[in-house]
Amino acid sequence: MDADELVFFVNGKKIIEKNADPETTLLQYLRKILRLPGTKLGCGEGGCGACTVMISKYDQERDKICHYASNACLVPICSLHGLAVTTVEGIGSTKTRLHPVQEIIAKSHGTQCGFCTPGMVMSMYTLLRNKPKPTEEEVENIFQGNLCRCTGYRPILEGFKTFSKDEPCCMGSKCCKIQPSNEEHFLDAAEPCDFLPADTTQEPIFPPELKISNGFGTKFLTFKSERVTWLRPVFLKDLLKLKSKYPSARIVIGNTAVGLDTKYRKAHVQVMIAATHVPELHEVAVADTGIHIGGAVTLARLGEILTETIKNTTEGGQRNAFLDNTFYTRRGNWNIKSDEIVLSVFIPFSKKNEFVFGYKKAQRRENATAIVNAGMRVLFEDGDNIIKEMQIAFGSMSETSSLAITTARRCVGRKWEDQLTSDVVQWLAEDFHSLPEGIGGQMPYKRALACSFFFKFFHRVKLELRKQSGMEDATVPPRHTLTLPSLTRSISRGTQVFEEVSPDQPKHDAVGRPLQHRASLQHATGEAQYCDDMPLIDGELHLALVTSTRAHAKILSIDTREALALPGVEAFFGHEDVPGSNVKRVLTVGEEIFASKEVTCYGQVIGAMVADTKTHAQRAAKAVKIEYEDLPTVFTIEEAIVEESYYPHEAKALIKSGDVERGFEQADHILEGEIKGGGQEHFYLETHVARAVPRGEDGEIEIFCSTQSPSKSQANVARALGLPMNRVCIRTKRLGGGFGGKETRSTLCSVMSCHHVAYAVLHRLNRPVRGMLDRDEDMLISGGRHPFLGKYKVGIDSVGRFKALDATVYLNAGNTSDLSPEVVSVSLYSFDNCYHIPNIVLTGVLCKTNLPSNTAFRGFGAPQSMLVMENIIEDVAVSLNIPSHKVREINMYNENDLTPKGIRLINCAIDRCWNEVIQQSEFFQRKEDIAKFNRDNRWKKRGVSLIPTKFLISYYNERFLEQGAALVHVYQEDGSVLITHGGVEMGQGLHTKMIQVASRALQLPVHKFHINETTTSTVPNTTATAASTGSDLNGMAVLNACKTLRHRLEPYIAGNPGGSWEDWVKAAYMDRISLSATGYYKVPDTWDDSYVPVEGEQTTQRYFTYGAACSVVEIDCLTGDHVVLRTDIVMDVGRSLNPAIDIGQIEGAFAQGYGLFTIEQLRYSSEGRLITNGPNTYKIPGYGNIPVEFNVSLLKGASNPKAVYSSKGIGEPPFFLASSVFFAIKDAISSARAESGLKGRFRLDSPATAERIRMACEDQFTCQCSPSTHHTRPRFIDV
Ligand SMILES: Cc1cc2nc3c(=O)[nH]c(=O)nc-3n(C[C@H](O)[C@H](O)[C@H](O)COP(=O)(O)OP(=O)(O)OC[C@H]3O[C@@H](n4cnc5c(N)ncnc54)[C@H](O)[C@@H]3O)c2cc1C
Ligand code: FES
Ligand code: FES
């Protein structure tokens, strides 16, 4: 069998591939072969949308060109024969013409790190190609497969919704949407008249050759590689013959299942049969009784067909197999023989007296597999409500889809009346008992869900019966509004309000203006370069990690012989190959780069394979054989407490203030409680990546890598290589998100990568090497936010005022201490949040476990402890029957108060933020409305919560880190300015803000400035970009460098006051004045030399950022689903350097915090292996999770004398405000519990998942399904 040529088009260019490899995906081909790196790799499993491209094909039958948004990471190139691919590079560019989609996302502030942006652009572009004027709803829905970890989605949606507008507004800032005010400005997502209009005639045309020639789709094709053969028949008889000839071959249609099997489950499929071009599999036939859908009809097409069919229907050698319990009998076993295929699926029309409804509950609204789904059907006797036939089917209750056969049989002959629901619940419980446990555990919840679905079905059918019988009152009583299948959300909306700069501010001065992110157009066009986008250079090698498959074990042997013999493999590196030190340092503690004798977590790095391609390196890494001897493990905080497994010298951090014992004596009430919270994965869209290039002499090596801490990476690489630091240069242009995960773990990852790389380069292979972790590897090894357990005892007086608090926070630190001592310290000094507690003792304990080491993550331990604090408030409120906002107010800090750590609150804006958010959210009115809603609804409840926050901007225990440096060059020929500083751009807009600072300092417009990268060669000894200090430290350094330059230029300005910048620069140069200046800044040790502190008071120049939020939620008590109806935030950011960027940080932090407190749940197997290792199993918030109404205001008239141009650090402070959703959910659950007569305190751990919400809303269904009545073994460890 000779292989065919593969022919397809990319961005209008014809590609002929003579050696098409069936295992190569379109994404690999675009990025590495065609060198089109605009399309990004975020996950490789179809779950993030970063790789979205448009695929177009000519449908001969319909004479129509069809466009689809596709995930290039799952598209085999062999499936593209005769198709046209359009990538982000193909629709517009900064060098030629931008496409309006690209321009709008950039100008609407819809990009931060920009890694998701090309995917967003291509999803929107495809929608526009199919429908030039989509509705707002269509715009919101199109992004169901696209994730963004930075923005909070609001600006992207608002920007793109301008394509739905009837008449684009051309009034710009005079638009009536913008309230006339001298002081206030509303951040308008997009003013459409600013953009080039979308012009469909300018779009790249579909290649005429593909339309004219009929040959592409009608020929049998064969593609072959060493390992796999791809066969594409075009006749049904050939397909059947091939299936008989190759019984173990996999049929491929969309490859979304086969692709995952081969990539992640390491299935080696030798023969793939693409059945996409067999006409019979695309047939759709409408018969009298139903509709036959061909086996290869896509879901999108099926949707169209069904809609069309319903519209047109006025009433309602092959074998047939029923899709019932006999079809899918056990995992991987269908009722299809090896020589059979599914030709079509028959969907019968419903008949008179027949009702069919479907239900689904997933972890996230969009793009998530069901926790349980259900299909229910009932047929009644004619003219009666007696059940004639009944079917109840569930997905995910068991290993396969399952039918409640006994229950359904028992229903026959029964009347459709209320008693039926309680009987069915009883019967279902019996049916479920006989089923094997489903994937994912959660059985009590699943059973409660299944019963709840039936309850919903019952009421829905009851309503239909009433309607049919012509009863006038065809509505369900309002308290039982069960007819809605699920919570609905309307189109999202919101406002963003900030203070405008004074009209007197000079035009060139960009400080305070909402400039778009400096690289936003590059993000939107795919031109922004990330580390792995750098072209491969001759001889470049690839690296893959060999990681532990045991949580705690001795390494007995490592056998690499088989792996080294695989094609393309160059070398293996382990601990013995490290020329310098195998220990990398995090601040003061060290940890091994490569495990030498023992592994202490699943995923720990043992070695690395280097090969000619990434695929070869990964195959070789998997082929390394390691023998272990297992040792005892500790995974959970509870286990660590029992085993006293703590980090010894940092085990206990302590804060003590006042006299706690006396405080408890004075208290009227003493309460005790506990709350637990799960960890969180950073889920930056760009995984860890590093690339090392040898410089060829003196051991010099240049390393491009994704690190938040270039200097730390430099030190660790140098130490590992045994080189002086001056030979190692770290270069970082930008990161596709960091959030703390690329601070020290990056050092680890980059050392892992860089070090092997460097070693390979320098000592053995002398060739460049790169390594980029796959999503599952990154999640497995890099750690995340610390899971926590908070225990407390609190004393209060009769009105809820704090008298004393004794609390302990346990953090699950994982297998190394990393930054955990610092994290627990921040956790403790943030514990008080906004409340004055006169007598307090706080203890922090770091648990040493066999999980991958946890590390820095936005908030750095503060969100965990502040959640404990707010939970205490809630407990006090419930116990004393006082509204929780009153308890907060009575204990709230005032100006000049001292925190337990001795920091004085000066310019304290808590009360201003609090009062303004009460006003903005109409809190009291909202509370009344919610009370009424809850009275009127039994199965849906609403809740509201007001949460304040304060966040200290500092490197508390590491004063030496509170320094920044910059280097500013002015070029004499044209006066352009190049800024370099110690901060890393990772989406937070740092470079944009630095340019704004420089624009004021040098009195120049922003276009004169450029920042090209962060590198240890220009600015050494940098502090990691972290702790929300990037703008403060580097901004002051840039300002100081600019001041020096300005000072040097002053004589030339004075000598030629009418001259231009260029004139002055030239004159200075001719006079031999240096046009290059360094700037340095350290946070002063005291903010006022004359101030005399009280005992224990700190005097350093540190400050707090404040804010407050109000959230309203609605929960579905039967499923545990929730929707955030509205969030209002007021945030004190001082005088914002850039309000658009600051609002972006607030919205993005809120979205990430929302994920932590509601839907993000890490799960480990009982062996300590992370199971939730990609977007298909770990759900970060999507478009459907953002508040339906989201209003953000920056506090007016705020200032901050302690930071650059009166601004404030903003990256982390808003994060905790998302807990307002958590407590609003808890509020709603309280109302649901009250319906069952349950009053008083109850425990809700974080995250408030659907499972926890449902099971906390105790009712007749949860009682039947509690763990005590259905014993199930736990599938996951609750760490
Ligand atoms: C991001 C993402 C989200 C997902 N979400 C969901 C979800 O919410 N719910 C859900 O159920 N699934 C989900 N899946 C899984 C997947 O999409 C489904 O299994 C899908 O139905 C596979 O269709 P495909 O055409 O892409 O399959 P392919 O990978 O091409 O094939 C799937 C399997 O079916 C076999 N097959 C294909 N056609 C025939 C035929 N005519 N006769 C016999 N066998 C055939 C193939 O050999 C293969 O074993 C998701 C997958 C991804 C990547
Ligand atoms: S969906 Fe393809 S990279 Fe994530
Ligand atoms: S901007 Fe979307 S992931 Fe960073």
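These numbers come from a predicted model, not from an experiment. Sequence order as written defines the numbering, with residues in each chain counted from 1. Labels follow written order: the first chain is A, the first ligand is 1, and so on. Selection of residues for local features in this predicted model requires a pLDDT of at least 70, selection of side-chain atom pairs for listing and counting requires 80 or more, and totals for whole chains, interfaces and linings are taken over all residues. To obtain the side-chain values, all non-hydrogen atoms of the structure were included, while hydrogens and water were left out.

Caption draft 1: Summary view of the site of ligand 1. Around ligand 1, 18 residues are found, and the nearest of them are Ile-251, Ile-253, Thr-256, Val-258 and Val-342. Here a polar contact is taken to be a pair of N or O atoms separated by no more than 3.5 Å, where protein atoms must pair a possible hydrogen donor with a possible acceptor and residues adjacent in sequence count only if both atoms sit in side chains. One of the backbone N or O atoms of Val-342 is found 2.6 Å from a nitrogen atom in ligand 1. Taken by itself ligand 1 offers 980 Å² of open surface, and the protein chains cover 64% of this. The way it works is that DSSP assigns letters per residue, a run of H or I at least four long becomes a helix, a run of E at least two long becomes a strand, and they are numbered from the N terminus. In terms of residue count, strand β9 (residues 250–252) provides more of the shell around ligand 1 than any other element does, three residues in total. When we say a residue is near a molecule or strand, we mean one of its heavy atoms is within 4 Å of it. To be clear on the numbers: accessible area is Shrake-Rupley with a 1.4 Å probe, and residue cover counts the displayed protein chains and nothing else.

Caption draft 2: Molecular detail of helix α24 (residues 884–891). For α24, the set of buried residues is His-885, Val-887, Arg-888 and Asn-891. Down the axis, α24 shows its buried residues gathered within 160° of arc, on one side only. Buried-residue contacts for α24 involve β36 (802–814), α23 (862–880), α25 (910–921), α26 (923–936) and β38 (940–953). A simple rule labels every residue: compare its accessible area, found with a 1.4 Å probe on the protein chains alone, to the largest value its type can have, and call it buried under 20%, exposed over 50%, or partly exposed in between. The directions considered for the arc run from the helix axis to the C-beta atoms. Two residues qualify as a contact provided that any one of their heavy atoms is within 4.5 Å of a heavy atom in the partner residue.

Caption draft 3: Expanded view of the sheet that holds strand β18 (residues 387–395). The four strands are arranged β16-β17-β18-β19 in an open sheet whose pairing can be described as antiparallel. Edge positions in the open sheet fall to β16 (354–362) and β19 (402–403), since each of these has one partner strand only. One requirement defines pairing of two strands: DSSP has to find at least two bridges between them. Alignment of strand β17 (residues 370–380) against β18, held across eight bridges, turns out to be antiparallel. For Asn-373, the partnering residue across the bridge sits in β18 and is Gly-395.

Caption draft 4: Main features of unusual backbone geometry. At the junction of Ser-1246 and Pro-1247, the peptide bond is cis and its omega measures out at 0° in the coordinates. Take Pro-1247: it is sitting in the loop between α31 (1219–1235) and α32 (1250–1256). One non-glycine residue, Tyr-153, adopts positive backbone phi at about 70°. One can find Tyr-153 in the loop between α5 (136–142) and α6 (154–160). Even without being a glycine, Ala-1027 presents a positive backbone phi close to 60°. Tracing the sequence through the fold places Ala-1027 in the loop between β42 (1014–1015) and α28 (1030–1055). For Ala-1027, a relative accessible area of 18% puts it in the buried group.

Caption draft 5: How the structure looks around the pattern of salt bridges. One speaks of a salt bridge when a side-chain nitrogen belonging to Lys or Arg is within 4 Å of a carboxyl oxygen belonging to Asp or Glu. Within this structure, the stated rule accounts for 77 salt bridges. The shortest N-O distance in the salt bridge between Arg-149 and Glu-1160 comes to 2.7 Å. Like Glu-1160, Arg-149 is buried. By sharing partners, the salt bridges in this structure join Arg-31, Lys-32, Lys-40, Asp-532, Asp-533, Glu-540, Arg-691 and Arg-770 into a single network.

Caption draft 6: A nonpolar patch on the surface, seen in detail. Like charges are joined within 9 Å and nonpolar side chains (Val, Leu, Ile, Met, Phe, Trp, Tyr) within 5 Å, but only among residues with over 30% relative accessible area and no salt bridge; these make up the patches. On the surface, a cluster of nonpolar side chains totalling about 500 Å² of accessible area is made up of Leu-323, Trp-334, Ile-336, Val-342, Val-345 and Ile-347. Inspection of the secondary structure assignment puts Ile-336 in the loop between β14 (333–334) and β15 (344–348).

Caption draft 7: Inspection of the UniProt feature "binding site: FAD" (unreviewed entry) in the chain at higher detail. UniProt positions are given in the numbering used here, feature names are shortened, and annotations may be inferred rather than shown by experiment. UniProt feature "binding site: FAD" (unreviewed entry): in the numbering of this structure it lies at Ile-251, Val-252, Ile-253, Gly-254, Asn-255, Thr-256, Ala-257, Val-258 and Lys-360. Residue placement: Gly-254 occurs in the loop between β9 and α9 (258–263). When its relative accessible area of 47% is taken as the criterion, Gly-254 is described as partly exposed. Relative to the elements of secondary structure, Ala-257 occurs in the loop between β9 and α9. Classification of Ala-257 by relative accessible area gives partly exposed; the value is 47%.

Caption draft 8: Spotlight on the environment of Val-501. Here Val-501 is to be found in the loop between β20 (493–499) and α14 (520–525). C-alpha of Val-501 to C-alpha of Val-511: the two residues are 10 residues apart in sequence and 8.3 Å apart in space. Sequence-distant contacts of Val-501, defined by excluding residues within four places in its chain, comprise Val-511, Gly-512 and Arg-513.

Caption draft 9: Quick look at the UniProt feature "binding site: [2Fe-2S] cluster 2" (unreviewed entry) in the chain. Per the UniProt record, the feature "binding site: [2Fe-2S] cluster 2" (unreviewed entry) sits at Cys-113, Cys-116, Cys-148 and Cys-150. The annotated residues occupy 38 residues of the chain but converge on a single region, no pair of C-alpha atoms lying more than 9.4 Å apart. Here Cys-148 shows up in the loop between α5 and α6. By relative accessible area, Cys-148 is classed as buried at 5%. Setting aside its immediate chain neighbours within four residues, Cys-148 contacts Cys-116, Met-120, Tyr-153 and Ile-1180. The buried category is assigned to Cys-150, whose relative accessible area is 5%. Those residues within four positions of Cys-150 in sequence are excluded, and the remaining contacts are Gln-112, Cys-113, Phe-739, Gly-1144 and Gly-1148.

Caption draft 10: A look at the nonpolar core. Think of a nonpolar core as a cluster: buried Ala, Val, Leu, Ile, Met, Phe, Trp, Tyr and Cys residues, connected wherever their side-chain atoms sit within 4.5 Å. By size, the foremost hydrophobic cluster in this structure holds 153 residues, and its most contacted members are Met-390, Phe-394, Trp-416, Phe-454, Phe-457, Phe-802 and Leu-805. Ranked by size, the runner-up nonpolar core spans 68 residues in total, among them Cys-43, Val-121, Leu-127 and Ile-593.

Caption draft 11: Just the packing of aromatic side chains, in detail. Here is the rule: rings of Phe, Tyr and Trp (six-membered ring for Trp) pair when centre to centre is within 6.5 Å. Planes less than 30 degrees apart are stacked, more than 60 are edge-to-face, and the remainder are tilted. Per the stated rule, a full pass over the model turns up 25 aromatic pairs. Judged by centre distance (6.4 Å) and plane angle (35°), the rings of Phe-160 and Phe-163 are tilted. By relative accessible area, which is 0% here, Phe-160 ends up buried. Aromatic side chains Phe-380 and Trp-416 sit 5.4 Å apart centroid to centroid with 90° between the ring planes, which places their arrangement in the edge-to-face category. With Phe-380 in strand β17 and Trp-416 in the loop between α11 (405–411) and α12 (418–433), this pair connects stretches of sequence that are 36 residues apart.

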